[in-house]
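The chain contents come next:
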Amino acid sequence: MSLEHPVVITCAISGALANRDQCPAIPYTPQEYAAEARRVVDEGGVHIHIHARKPDGTPSYEIEDFTAIHDAIRAEVGDAAILNFSTGTIGVSVEKRIAYLRACPPEVAALNMGSMNYAKYSSRRKDFVFSTVFPNPFDEIIELLKAMNELGIKPEHECFDLGHVGSLWPLIDMGVLHAPLHADFVMGVTGGIRPTARNLAAMADNLPEGPVGGGDQHHWGVIGISRVQWTMLAAALSLGGSIRVGLEDNLYLPDGEMARSNGDLIAKAREMTIDAGRRPATVEEARALLGLKARAGAAA
């Protein structure tokens, strides 16, 4: 990728951890997801990452909840957004995750690329707010990849550390992962890589080359967690990458004001993209950059 490529602006619309006590705008019901998707598309977002919830806000990995949310968003925005399902979780079987991919295949599905300590640290308390281990062993990664290949779903490789980028190489050599790759570098989680521009550049530089024709044919972006998000967006825009915002990752605008919707966050991301001298991708361009098939009616 280069500065000449348009920027794919992604929205992580809900997440699975935050709730309405923390931000009243987080969607719970399929209708609320659809309304947020409309705000995302209207402000220039073209790629929506989905964690399903039940209507009471409880995180869900059930087929009926993913399907209801998917169908509500499609009814609202048509093909004007790429839909992406999360497969990242703790304590939910691979079989259950594959079941909702199979029942309602999205265009893209996120795939976490390695196990790690996953924590939030409070410098005020001098202690961890929470701390756990996020397991993503190779056998589970490969099982999910094989299912995505069978279903025609593009994997989005979420890399929380430099070693996760390195984990792409053997999967390509095995023949279970195919170019062009779509990778996102997650920065700001305690236990993962520190969120700096130099670290982001190192992750992009370590995307596989050679056997797959060189790193330039891959697509990459950044996922900045919490308020460091805006600094990491600026770094990605200057390095030629794409960007993700949304209420899953960060609830606040750069001035500290809480976002009233995902649309507020997308509008700021679009403004930063233009101010950096780059251009937001259309949904047709985004599908091409991610290696997806074109869809009819994508300009809805």
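Residues numbered from 1 in each chain as written. Predicted model: local features only at pLDDT ≥ 70, side-chain atom pairs only at ≥ 80, totals over all residues. Heavy atoms only, no water.

Turning our eyes to something else, we now look at the confidence of the model for the protein. For the protein, the mean per-residue pLDDT works out to 94, and 96% of the residues sit at or above 70. Here residues 210–216 is modelled with pLDDT under 50, and outside its nearest four sequence neighbours on either side it reaches 10 contacts, counting other chains as well. (pLDDT = per-residue confidence, 0-100. Contact = heavy atoms within 4.5 Å.)

Moving on to the nonpolar core. Ranked by internal contacts, the top residues of the largest apolar core, which has 75 residues, are Ile50, Phe185, Leu200 and Ile243. Non-local contacts of Leu200, meaning those with residues more than four positions away in its chain, are made with Phe185, Met187, Trp220, Val222, Met232, Ala235, Ala236 and Leu239. (Core = buried A, V, L, I, M, F, W, Y, C linked by side-chain atoms within 4.5 Å. Buried < 20%, exposed > 50% of the residue type's maximum accessible area, 1.4 Å probe, protein only.)

Turning next to the sheet that holds strand 1 (residues 9–12). Strand-to-strand pairing in sheets goes through backbone hydrogen bonds, with the strands running parallel or antiparallel. The strand order around the closed barrel formed by 8 strands is 1-2-3-4-7-8-9-10, and the pairing between neighbours is parallel. Taken over all neighbouring pairs, the strand axes of this sheet differ in orientation by 25 degrees on average, direction set aside. Where strand 2 (residues 47–50) and strand 3 (residues 82–85) come together, 4 bridges link them in parallel fashion. Residue pairing in the sheet places Ile48 in a bridge with Leu83 of strand 3. This element, helix 8 (residues 229–239), spans strand 8 (182–187), strand 9 (219–224) and strand 10 (242–245) of the sheet and lies at about 165 degrees to strand 10. (Pairing = 2+ DSSP bridges. Helix = DSSP H or I, 4+ residues; strand = E, 2+ residues; numbered from the N terminus. Axes fitted to C-alpha atoms, helices over the stretch in contact; angles between N-to-C directions.)

As defined by bridge partners, strand 5 (residues 116–122) adjoins strand 6 (residues 127–134) across 7 bridges and the pair is classed as antiparallel. Pairing of Ser122 across the sheet is with Asp127, part of strand 6. Between strand 5 and strand 6, which pair antiparallel and follow one another directly, the connecting turn spans 4 residues, one of which, Lys126, has a positive phi of 55 degrees.

To continue, consider the side chain of Glu156. Mapped onto the fold, Glu156 is located in strand 7 (residues 154–159). No salt bridge is formed by the buried Glu156; its nearest oppositely charged neighbour, Arg244, is found at 4.4 Å. In terms of polar contacts, Glu156 uses its side chain to reach the side chain of Asn84, at 2.9 Å. In this structure, Glu156 is in contact with His49, Asn84, Val108, Ala109, Ala110, Leu111, His182, Asp184, Ile223 and Arg244, ignoring residues within four places of it in sequence. (Lys, Arg positive; Asp, Glu negative; His and termini not counted. Salt bridge = Lys/Arg side-chain N within 4 Å of Asp/Glu carboxyl O. Polar contact = N/O pair within 3.5 Å; in protein donor to acceptor, adjacent residues only side chain to side chain.)

Now for the environment of Phe134. Topologically, Phe134 is positioned in strand 6. Distance in space between the C-alpha atoms of Phe134 and Val108 is 21 Å, their sequence separation being 26 residues. When neighbours within four sequence positions are excluded, Phe134 is seen to be in contact with Gly88, Thr89, Ile90, Asn112, Gly114, Ser115, Met116, Tyr118 and Phe160.

Quick look at the packing of aromatic side chains now. In this structure the tally under the stated criterion is 9 aromatic pairs. Between the aromatic rings of Phe66 and Phe85, the centroid separation amounts to 4.7 Å while the plane-to-plane angle is 50 degrees, which identifies the pairing as tilted. Of the two residues, Phe66 sits in helix 2 (residues 63–77) while Phe85 sits in strand 3, which places them 19 residues apart along the sequence. Judged by its relative accessible area of 1%, Phe66 is buried. Residue classification places Phe85 among the buried residues on the basis of a relative accessible area of 0%. When the ring of Tyr118 is compared with that of Phe160, the centres are 6.2 Å apart and the planes differ by 65 degrees; the resulting orientation is edge-to-face. Taken as a pair, Tyr118 in strand 5 and Phe160 in the loop between strand 7 and helix 5 (162–166) lie far apart in primary sequence, 42 residues in all. A relative accessible area of 21% places Tyr118 in the partly exposed class. Taking relative accessible area as the criterion, Phe160 reaches 6% and is therefore assigned buried. Site record: aromatic cluster; members linked through ring pairs are Tyr118, Phe130, Phe134 and Phe160. Taking the ring centre of Tyr28 as reference, the NZ or CZ of Arg20 above it sits at 3.9 Å. (Phe/Tyr/Trp six-rings, centres within 6.5 Å; stacked < 30°, edge-to-face > 60°. Lys NZ or Arg CZ within 6 Å of the ring centre and 35° of its normal.)

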